[in-house]
Amino acid sequence: MIEEVQKDLNDLFESSKPGLWFSYDLRKHPILFVSPKRESLYLYFKGHLKELEYKPDSESTHSFQSAFDVQKFEGKTSLVINLDHSDKASKKELTNLILHEGFHTFIQTDERGWVKTESEQFRGDIYPLQSIPRYFRLEMYQSLKDYLETNELSHLHNYSYWFWKWKVTFPKEYNNYTDRIEGSAEYYTNEQLTRLENLKSSNKITSFEHFKKSENFLNLKESLSLTIESYHLGALAGIVLDEKLPHWKKEVRKGASPLELLALLQTKRREKPNFSLQNELIQISVKRMEQIDGDGRLDESIKLLANIKVLMLIIPMSEVESSGFMSSGMYQSFFNFRLISNVQFIKLLTPVNMKHENWQTQIPSEKIWIMAKDHPCANESLATVIPLKRGSFQYKNGKLQVLEPYNFSLEVKPFDDRRIFCAKL
């Protein structure tokens, strides 16, 4: 199967089309295929595929549970594909993964002019799930689909109306939307797979036709709110922008949102809300929240931070080394904006280890890892937030000792009303 992926990638990049993103040849970066179960390791580089010696203790062959990893290989940034992640991964799925993650790993970091934005630091879904912003986004999605099916401009006017309703009413959702990063990657992947299919067949298809027949064409009413939708809305917006604003990729590279670029081109007209759909989304949201937090851990963590009697230890992560999170690939994350601004709750299935010089601790898998983007303890720094209930800690002379299940002590500085301890690292 790896040989088939090699052929597809070579066919694709040897016939690359001009322009931003598509003229970039991913083959100039090492791509490793690893299977710890089969003890095999392959290198795909500059179009050639080569089997390497499998060394169980090397960084490239260490066992990780996610589908991919980004590592250094002989001094170069490389994409590592885990062949053991799925027993039934098809050639197209592997090619899809390489194109999508290659866009993130190489094009968005290597191509000149890419501007990083603060909203790229966080992803996840608003919790509790809210039906009204989901309704606005679903109307946007349906309007783009309808336009691409019919080519009638009225659907783009509808799209613009619902976009501005969503952005103005729920600005924090908009600020954490990943249509620029993930939507662009999904657009790029869909375009490349469409081109690859057209290279092999005389029956040419459009990128929208490919998008519709792929597994990515989901019923978004049943999806979680922000993360999944940004992929599909961003991809559809990109397809329309190719027609309406040919230079849109340059604007996205500078930090623009594809969804907003498209909305700015249209005249917004007031639309009648679909109350039946709104009510359906309310029922779906209630059901999804029961599925998301069946064990009550998420609600418990939110209530802890909202309780004024509970103290909070804030540990800025800029100098803290953590492991076991991204490599596990097993987590769900959610936002709640009613507490500290931009708080993210991460449901872990594996523990996360944190250490800094002589201090270390572990966030157990049965706990929620709480992260804060905006907090009073440091500027522009993500931080771990640990709620401290009475009896779970001791504080004396600037030293805080946190008891079970974390078991560590460090120097801290109380902040303002003494409800917050800032770690001194």
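The structure we're discussing is the one just above.
Residues numbered from 1 in each chain as written. Predicted model: local features only at pLDDT ≥ 70, side-chain atom pairs only at ≥ 80, totals over all residues. Heavy atoms only, no water.

Asker: Which residues make up the sheet that holds strand β8 (residues 321–323), and what are the values?
Answerer: An order of β8-β11-β12 is seen for the three strands of this open sheet, with the pairing classed as antiparallel. The open sheet has two edge strands, β8 and β12 (359–363), and neither has a second partner. The average angle at which neighbouring strand axes cross in this sheet is 15°, direction not considered. Relative to β12, strand β11 (residues 352–356) runs antiparallel, the two being bridged by five bridges. Along β12, the bridge assignment pairs Val 352 with Ile 363. (Pairing = 2+ DSSP bridges. Helix = DSSP H or I, 4+ residues; strand = E, 2+ residues; numbered from the N terminus. Axes fitted to C-alpha atoms, helices over the stretch in contact; angles between N-to-C directions.)

Asker: Provide a residue-level description of the packing of helix α1 (residues 2–14) against helix α6 (residues 179–200), including the pertinent values.
Answerer: At a minimum axis distance of 10 Å, the contact between α1 and α6 shows a crossing angle of 95°. Classified by the interaxial angle, the pair formed by α1 and α6 is roughly perpendicular. Only Tyr 188, Gln 192, Arg 195, Leu 196, Leu 199 and Lys 200 of α6 make contact with α1, whose side of the interface consists of Asp 8, Asp 11, Leu 12 and Phe 13. For the contact of α1 with α6, the per-class residue count stands at five nonpolar, one polar and four charged. (Parallel < 35°, antiparallel > 145°, perpendicular 65-115°, else oblique. Contact = heavy atoms within 4.5 Å. Nonpolar A, V, L, I, M, F, W, Y, C, P; charged D, E, K, R; others polar.)

Asker: Give a detailed account of the environment of Asn 151, specifying residues and quantitative values.
Answerer: Turning to its location among the elements, Asn 151 is positioned in the loop between α3 (131–150) and α4 (154–169). Sequence spacing of Asn 151 and Val 240 is 89 residues, and the spatial spacing of their C-alpha atoms is 10.0 Å. Residues within four places of Asn 151 in sequence aside, it is in contact with Asp 146 and Glu 243.

Asker: Residue-level account of the state of the cysteines, with values.
Answerer: Counted according to the given criterion, the structure contains one disulfide. The residue that forms a disulfide with Cys 377 is Cys 422, at a sulfur-sulfur distance of 2.0 Å. Judged by the sign of its S-S torsion, about -75°, the cystine formed by Cys 377 and Cys 422 is left-handed. Of this pair, Cys 377 sits in the loop between β13 (368–372) and β14 (383–388) while Cys 422 sits in strand β18 (residues 420–423); the two residues are 45 residues apart in sequence, bridging distant segments of the chain. Here the two residues Cys 377 and Cys 422 agree in accessibility, since each one is buried. (Disulfide = S-S within 2.5 Å. Buried < 20%, exposed > 50% of the residue type's maximum accessible area, 1.4 Å probe, protein only.)

Asker: An account of the pattern of salt bridges is requested, with residue identities and associated values reported.
Answerer: Per the stated rule, a full pass over the model turns up 17 salt bridges. Residue Lys 7 is joined to Asp 11 by a salt bridge in which the shortest nitrogen-to-oxygen separation is 2.9 Å. Taken as a pair, Lys 7 and Asp 11 lie in helix α1 at a separation of four residues, close to a single helical turn. (Salt bridge = Lys/Arg side-chain N within 4 Å of Asp/Glu carboxyl O.)

Asker: Talk me through α1; I want residue IDs and the actual numbers.
Answerer: Its 13 residues give α1 an end-to-end C-alpha distance of 18 Å, which sits within 8% of 18 Å, the value for a rise of 1.5 Å per residue. Buried residues of α1: Ile 2, Val 5, Gln 6, Asp 8, Leu 9, Asn 10, Leu 12 and Phe 13, and no others. Looking at the buried residues of α1, the elements they touch are β1 (31–35), β2 (40–45), β3 (48–52), α2 (91–110) and α6. (Expected span 1.5 Å × (residues − 1).)

Asker: Now, about the pairing of strand β10 (residues 343–348): what can you tell me, with residues and values included?
Answerer: By the criterion of burial, β10 is predominantly enclosed, with six of the six residues buried. Residues of β10 alternate between two faces, with Val 343, Phe 345 and Lys 347 on one and Gln 344, Ile 346 and Leu 348 on the opposite face, all of them buried. Judged from the five bridges that link them, β10 and β13 form a sheet pairing that is antiparallel. Bridge pairing in β13 places Gln 344 opposite Met 371.

Asker: Now, about α6: what can you tell me, with residues and values included?
Answerer: In this model α6 runs 30 Å from its N-terminal to its C-terminal C-alpha over 22 residues, within 8% of the 32 Å that 1.5 Å per residue would give. For α6, a buried count of 19 out of 22 residues is recorded, marking the element as mostly surrounded by other parts of the structure.

Asker: Help me get a handle on the packing of aromatic side chains, residues and values and all.
Answerer: Across all of its chains, the model carries 21 aromatic pairs by this definition. With centroids separated by 5.5 Å and ring planes inclined at 20°, the aromatic side chains of Phe 22 and Tyr 188 adopt a geometry described as stacked. Taken as a pair, Phe 22 in the loop between α1 and β1 and Tyr 188 in helix α6 lie far apart in primary sequence, 166 residues in all. Ring centres 6.0 Å apart and planes at 50° place the aromatic pair Tyr 135 and Phe 136 in the tilted group. Every member of this aromatic cluster is reached through a ring pair, and the members are Trp 21, Phe 22, Phe 103, Tyr 187, Tyr 188 and Trp 248. Over the ring of Tyr 24 we find Lys 28, and its NZ or CZ is 4.3 Å from the ring centre. Here Lys 249 stacks its cationic end above the ring of Trp 21, 6.0 Å away from the centre of that ring. (Phe/Tyr/Trp six-rings, centres within 6.5 Å; stacked < 30°, edge-to-face > 60°. Lys NZ or Arg CZ within 6 Å of the ring centre and 35° of its normal.)

Asker: I'd like a description of the side chain of His 356, backed by residues and values.
Answerer: Tracing the sequence through the fold places His 356 in strand β11. One polar contact links the side chain of His 356 to the main-chain carbonyl oxygen of Glu 319, over a distance of 3.0 Å. With residues up to four places along the chain from it excluded, the contact list for His 356 reads Glu 319, Val 320 and Leu 425. (Polar contact = N/O pair within 3.5 Å; in protein donor to acceptor, adjacent residues only side chain to side chain.)

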